[in-house]
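Take a look at the letters that make up each chain.
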Amino acid sequence: MSKQSDVLATDFLVKIAEEFGTPVYIYHAEKIKTQYEKLQKAFHKSDTRFFYACKALTNINILKYINSLGCGLDTVSIQEVQLGLKAGFDPKNIIFTPNCVDLQEIIAAKDLGVIINIDNISILEQFGNQFGDSYPISIRLNPHIMAGGNFKISTGHVDSKFGISIHQMRHIERIVKSTKLKVTGLHMHTGSEIKDVDVFLRGVEIMFEMAANFPDLQSIDLGSGFKVAYQLGDPETDIDLLGKKLTEAFNKFCTKNERPLQLWFEPGKFLVSQCGYFVVKANVIKQTTATVFVGVNSGFNHLIRPMFYDAFHLIRNISNPKGTERIYTVVGNICETDTFGWDRKINEVREGDFLVFYNAGAYGFEMSSNFNSRLKPAEVLVKDGKPQLIRRRDVLEDLLKNQIELA
Ligand SMILES: *Cc1c(COP(=O)(O)O)cnc(C)c1O
């Protein structure tokens, strides 16, 4: 976890929960800035750029804030590109890294003028045939590095659907040559939650080898996978060490080969995970023969990471921070098993207390749904110490607004 000054105080969270109701996602703008500055500092000795992978959290106010920091944007759908443009990002600062989209979506991104990563041979060939050297592109490679916290979030392994295998380099070369495609970037993204710095170093070495095939190259994009701590003592990617080692390797490569390349990254979780707090209310304390459950007014319809990725989120009782610690299993209110945390030591929970989930900024609200016809939570942004509503809570009409009721 971060040091105390980085964290919103629990009594402040209680006040926000009282004012805006629960469940509520709360984001702390300045924490995003702190994280961005950590990255900049770690890589200040190389020509490095960062593009926020916005699938982690796309509220327009978050996008605008991140744009104001001077960070770029990494997108995975044409809609994310459109949101980015609406938030004010220059198309030249937007990367489009889709997977399994059709040529039409790629062309739509091209028409908006963004940087495009192509991740399969078929589209590469079609794009090359249609546009030749008139629109430079990047290629997403699969370096076949098995990394990341969980198979579901690992994208570089041999069975992964992502990227073009480095073993298909000859095929790529033939297409590039025959269609005159201008390849200005190479990209890889091997997964989320990589704590081992050497994985990135292995990745960049492979990219260096591949770079020899592309004379127009301007950038090497190592994607993301920076791990953040979800609880005290959790291993994190050592960003300073990563910056130091990668800068060394990168600058050496550029000097030796007289190629002034840029190094790019696409952090999602690293920028927004810790800025987020998800506050819920304890509806019921339910003692069974085996367990004491806290049933809260939320579920995996609002925060799916614990059920989907076995993710750990630290849970605290912010209404009774000095209460005696007891063991609870925290569950949601939807009709399916939706356990947020098993056997957690939490200050005594009384019905009506507010609980907070930490590290709820990334893939929290963004993966929420209306399952059980429940309403999506509100979102609040705290900036300069001031909480402001940035999404109102769903109302019943939101559940019906796209439905067509037949006569
Ligand atoms: C999801 C994704 C990221 C961000 O991953 P994090 O683990 O959230 O940092 C970066 N690049 C691409 C292409 C992605 O799909």
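Everything in this summary refers to the structure shown in the same document.

What counts and how
- Residues numbered from 1 in each chain as written.
- Predicted model: local features only at pLDDT ≥ 70, side-chain atom pairs only at ≥ 80, totals over all residues.
- Heavy atoms only, no water.
- Axes fitted to C-alpha atoms, helices over the stretch in contact; angles between N-to-C directions.
- Helix = DSSP H or I, 4+ residues; strand = E, 2+ residues; numbered from the N terminus.
- Parallel < 35°, antiparallel > 145°, perpendicular 65-115°, else oblique.
- Left-handed = near helix turned anticlockwise from the far one by under 90°.
- Contact = heavy atoms within 4.5 Å.
- Nonpolar A, V, L, I, M, F, W, Y, C, P; charged D, E, K, R; others polar.
- Near = heavy atom within 4 Å.
- Polar contact = N/O pair within 3.5 Å; in protein donor to acceptor, adjacent residues only side chain to side chain.
- Areas by Shrake-Rupley, 256 points an atom, 1.4 Å probe, with all protein chains shown as cover.
- Phe/Tyr/Trp six-rings, centres within 6.5 Å; stacked < 30°, edge-to-face > 60°.
- Buried < 20%, exposed > 50% of the residue type's maximum accessible area, 1.4 Å probe, protein only.
- Disulfide = S-S within 2.5 Å.

1. Structural notes on the packing of helix H5 (residues 103-111) against helix H6 (residues 121-131)
For step 1, the next point in the chain: At a closest axis distance of 10 Å, the pairing of H5 and H6 adopts a crossing angle of 50 degrees. Relative to H6, the element H5 is oriented oblique. Note that H5 runs across H6; the crossing there is right-handed. Seen from H5, the contacting residues are Leu103, Ile106, Ile107 and Lys110; seen from H6, they are Ile123, Gln126, Phe127, Gln130 and Phe131.
For step 2, the next point in the chain: Looking at the contact of H5 with H6 residue by residue, the classes come out as six nonpolar, two polar and one charged.

2. Comments concerning the site of the ligand
For step 1, the next point in the chain: Lining the immediate surroundings of the ligand are 14 residues, of which Lys55, Ser192, Ser224, Glu266 and Tyr363 lie closest.
For step 2, the next point in the chain: In this structure, a nitrogen atom belonging to the ligand sits 3.4 Å away from a side-chain N or O atom of aspartate 74.
For step 3, the next point in the chain: Starting from 390 Å² of accessible surface for the ligand in isolation, the protein chains cover 94%.

3. Examining unusual backbone geometry
For step 1, the next point in the chain: A cis amide bond, omega -5 degrees, links threonine 22 with the succeeding residue proline 23.
For step 2, the next point in the chain: Note that proline 23 resides in the loop between helix H1 (10-20) and strand S1 (24-28).
For step 3, the next point in the chain: A positive phi is found at glutamate 258, a non-glycine position, where the angle reads about 50 degrees.
For step 4, the next point in the chain: For glutamate 258, the location among the structural elements is in the loop between helix H9 (239-256) and strand S10 (262-265).

4. Things to note about the packing of aromatic side chains
Any pair of aromatic rings gets described here by the distance separating the centres and the angle formed by the planes.
For step 1, the next point in the chain: Applying the stated criterion across every chain, the model contains 20 aromatic pairs.
For step 2, the next point in the chain: Between tyrosine 25 and tyrosine 27, the aromatic rings sit 6.3 Å apart at their centres with planes inclined by 20 degrees, giving stacked as the arrangement. For the pair shown, tyrosine 25 and tyrosine 27 are each scored as buried.
For step 3, the next point in the chain: In this structure an aromatic cluster arises from ring pairing among Tyr36, Phe43, Phe50, Phe200, Phe226, Phe265 and Phe270.

5. So, the side chain of serine 219
For step 1, the next point in the chain: Relative to the helices and strands, serine 219 resides in strand S9 (residues 219-221).
For step 2, the next point in the chain: Ignoring sequence-local partners within four residues, the contact set of serine 219 consists of Thr184, Gly185, Leu186, Leu261, Gln262 and Trp264.

6. Concerning the environment of threonine 97
For step 1, the next point in the chain: Summarising the element assignment, threonine 97 is placed in the loop between strand S4 (94-96) and H5.
For step 2, the next point in the chain: Apart from residues lying up to four places away in sequence, threonine 97 is in contact with Asp74, Thr75, Val76, Asn117, Arg140, His187 and Glu266.
For step 3, the next point in the chain: Within polar-contact distance, the side chain of threonine 97 engages the side chain of aspartate 74 at 2.8 Å.

7. Quick word on the state of the cysteines
For step 1, the next point in the chain: In total, this model carries zero disulfides according to the counting rule given.
For step 2, the next point in the chain: Lacking any disulfide linkage, cysteine 275 is separated from the closest cysteine sulfur, that of cysteine 71, by 13 Å.

By themselves, these are just geometric observations and shouldn't be taken as functional.
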